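Working through the structure, step by step
Residues per chain are reported as follows:
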Amino acid sequence: MNKIVLITGATSGIGLGCARKFAENGDKVILTGRKEQRLAEIARELTEKGAQVLTLVFDVRDREKAMQLMAALPDEWREIDVLVNNAGLALGMEREHEGNLDDWETMIDTNIKGLLTMTKLVVPGMVERGRGHVINIGSVAGDAAYAGGNVYCATKAAVKALTDGLRIDVADTPVRVTNLKPGLVETNFSNIRFRGDTERAAKLYTGIKPLTGDDIADVAVYAANAPAHVQIAEVLILATHQASPSIIVRK
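Below, the structure is looked at part by part. Note that the structure is a prediction, hence the values are computed from the model and not measured. (Residues numbered from 1 in each chain as written. Predicted model: local features only at pLDDT ≥ 70, side-chain atom pairs only at ≥ 80, totals over all residues. Heavy atoms only, no water.)

The full count for this structure, using the stated rule, is zero aromatic pairs. It is Lys 28 that lies over the ring of Trp 77; its NZ or CZ is 4.4 Å from the centre. (Phe/Tyr/Trp six-rings, centres within 6.5 Å; stacked < 30°, edge-to-face > 60°. Lys NZ or Arg CZ within 6 Å of the ring centre and 35° of its normal.)

The next point concerns the nonpolar core. Counting 34 residues, the largest nonpolar core has Ile 7, Phe 22, Leu 31, Leu 46 and Val 84 as its most contacted members. For this core, the elements supplying multiple residues, two or more each, are strand S1 (4–7), helix H1 (13–24), strand S2 (28–33), helix H2 (36–48), strand S4 (82–85), strand S5 (133–137) and helix H8 (213–224). Per-element tally for this core: the top contributor is H1, with six residues. Judged by nonpolar contacts, the second largest core, of 23 residues, contains Ala 66, Leu 69, Ile 80 and Val 122. (Core = buried A, V, L, I, M, F, W, Y, C linked by side-chain atoms within 4.5 Å. Buried < 20%, exposed > 50% of the residue type's maximum accessible area, 1.4 Å probe, protein only. Helix = DSSP H or I, 4+ residues; strand = E, 2+ residues; numbered from the N terminus.)

Next up on the list: empty space enclosed by the protein. Under the criterion given, the structure shown has two cavities of 30 Å³ or more. Estimates place the volume of the largest cavity at around 70 Å³. Taken together, 15 residues form the lining of the largest cavity, with Leu 91, Gly 92, Glu 94, Trp 104 and Asn 150 sitting closest to its centre. Every element with two or more residues in the lining of the largest cavity is listed here: helix H4 (101–129) and helix H5 (150–169). Per element, the largest residue contribution to the lining of the largest cavity is three residues, and it comes from H5. Grouping the constituent residues of the lining of the largest cavity by class yields six nonpolar, six polar and three charged. In terms of lining, the second largest cavity is formed by Thr 8, Val 60, Asn 85, Ala 87, Thr 110, Gly 114, Leu 115 and Met 118. Counting residues per element, the lining of the second largest cavity draws most heavily on H4, at four residues. Within the lining of the second largest cavity, the residues separate by chemical class into four nonpolar, four polar and no charged. (1 Å grid on protein atoms, 1.4 Å probe; cavity = no way out; pocket = protein on both sides within 12 Å on 5 of 7 lines; lining within 4 Å. Points joined across faces, edges and corners; volume = space filled by probe spheres on them. Nonpolar A, V, L, I, M, F, W, Y, C, P; charged D, E, K, R; others polar.)

Structure (structure tokens):
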């Protein structure tokens, strides 16, 4: 059965990988993001391949805009089967006592509060219909802090706690809840973290073959298509030569 899949932060990286993989699976995809032109380009790409695509331009930090656009969904797009809470970012790697308050607020508002907003807007409908699946994109960083990660790691630890909490809260329903925890993934994540310093970002991937957005998307599609009685609760996905957030063997 084809599904309606809503993916936040769908303009690049893991979100874009999920958009393409779910579309290839025959699912209808609702793509959200801040960049209207980029969303239009992706929608055109997928539509040309036969996919059904709807785009919503908003920042998950903007609760009012999110509520407005979700309330205005066309009838044929309202019954969302899969929510992929992917939108998230890291900013800076300063020591905690030297960090930037604005960066902290952006990470917390996006990675935690944005996820909660979308959960609140989508999950009640899933519970009412008796079907649905929430896939939160967490991180290996949510399991253990690393140098310079402090607040970002805290937000991903929160994603784990919120995912576990939601799974408990909907355990009496058919709704499934999954936490995907990637390790080193080569996307524009590090470029954003280092404010466009591509040379510094590239060094993170030197000497190791990192994961790609498609690798994570493959796991998301697998989890969403497991039999109804199977709940893939949590998956830690690492590059072969990464053992933990801070243990990476480079060759």
